[in-house]
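Overview (structure and organization)
Each chain, written out:
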Amino acid sequence: MDKTQENQTDNKEFTEECHKVLMAVSDALYAIGGKWKLMIIIAMARGNKRFTEIQRQVTGISARVLSSELKELEMNGFIIKKVENGYPVRIEYELLPYSHTLEEVVGAMTKWGMQHREKIKSEQSGKLKNDLVK
């Protein structure tokens, strides 16, 4: 096989692999993407089960957005909504076992987020020192 055909084969494999990776990331972002979903799951993993508890923990989320995000998390199999009849009606949200598949993702994001925050702080600190020297 000449080099042109070999390169075309390599490029095709590379393109197919790239497509697979992009599709997998797209699927993941569809399920847990956005500003709030992982934060809601983390709050629930720390024991917050009622709507108001979750809203209190996830600072800045509106009731309308929280309601929408909870519905999407339920649709994707991460949580279940439990309704206890009585007076008043008691509604709680519970993480399903599938949500535990995100532990590694959350751990990696937490580690990276801390590193990134430190990087930004040290860069800003260095810039401030440089500005003072000038």
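These numbers were taken from a predicted model, which means no experiment stands behind them.

1. Structural notes on the overall build of the protein
The helix and strand inventory of the protein stands at five helices and two strands. Residue burial in the protein is summarised as follows: out of 134 residues, 19% are buried. Look at the contacts in the protein between residues 6 or more apart in sequence, and 42% of them connect residues 24 or more apart. If you sum the accessible surface of the protein, you get close to 10500 Å²; carbon and sulfur atoms cover 56% of it.

2. Some points on the nonpolar core
Counting residues in hydrophobic clusters, the biggest one holds 20 residues, and the most contacted among them are Ile40, Met44, Ile54, Leu70, Phe78 and Ile79. If you list the elements that add at least two residues to this core, you get α1 (3-32), α2 (37-45), α4 (63-75) and β2 (90-95). The element that contributes the greatest number of residues to this core is α2, accounting for five residues. Those residues in contact with Ile40 that lie beyond four places of it in its chain are Ile54, Val58, Ile61, Leu66, Glu69, Leu70 and Leu73.

3. Brief notes about the packing of aromatic side chains
On inspection of all chains with the given rule, the structure shows one aromatic pair. A centroid spacing of 5.1 Å and a plane angle of 25° characterise the contact between Phe78 and Tyr98, whose relative ring orientation is stacked. Of this pair, Phe78 sits in the loop between α4 and β1 (79-84) while Tyr98 sits in the loop between β2 and α5 (103-133), placing them 20 residues apart in sequence. With a relative accessible area of 3%, Phe78 lands in the buried category.

4. Some remarks on the layout of surface pockets
When its volume is computed, the largest pocket comes out at roughly 330 Å³. Lining the largest pocket are 15 residues; nearest its centre among them are Lys35, Leu38, Met39, Ile42 and Met109. The element contributing the most residues to the lining of the largest pocket is α5, with six residues. In terms of residue class, the lining of the largest pocket is built from nine nonpolar, four polar and two charged.

5. Some remarks on unusual backbone geometry
Residues apart from glycine generally show negative phi values, whereas peptide bonds are mostly found in trans. Omega for the peptide link from Tyr87 to Pro88 comes to -5°, which places this bond in the cis form. The topology assignment puts Pro88 in the loop between β1 and β2.

6. Focus: the side chain of Glu69
Relative to the helices and strands, Glu69 is located in helix α4. Among all residues touching Glu69, those that are not within four sequence positions of it are Trp36, Lys37 and Ile40.

7. Some words on the pairing of β2
Bridge analysis of β1 against β2 gives six bridges, and the strand direction is antiparallel. From the neighbouring strand, Val83 faces β2, where its bridge partner is Ile91. Where β1 hands over to β2, the hairpin turn is made up of five residues, of which Gly86 adopts a positive phi near 155°.

Calculation criteria
Residues numbered from 1 in each chain as written. Predicted model: local features only at pLDDT ≥ 70, side-chain atom pairs only at ≥ 80, totals over all residues. Heavy atoms only, no water. Helix = DSSP H or I, 4+ residues; strand = E, 2+ residues; numbered from the N terminus. Buried < 20%, exposed > 50% of the residue type's maximum accessible area, 1.4 Å probe, protein only. Contact = heavy atoms within 4.5 Å. Areas by Shrake-Rupley, 256 points an atom, 1.4 Å probe, with all protein chains shown as cover. Core = buried A, V, L, I, M, F, W, Y, C linked by side-chain atoms within 4.5 Å. Phe/Tyr/Trp six-rings, centres within 6.5 Å; stacked < 30°, edge-to-face > 60°. 1 Å grid on protein atoms, 1.4 Å probe; cavity = no way out; pocket = protein on both sides within 12 Å on 5 of 7 lines; lining within 4 Å. Points joined across faces, edges and corners; volume = space filled by probe spheres on them. Nonpolar A, V, L, I, M, F, W, Y, C, P; charged D, E, K, R; others polar. Pairing = 2+ DSSP bridges.

Honestly, it's all geometry; don't read function into it.
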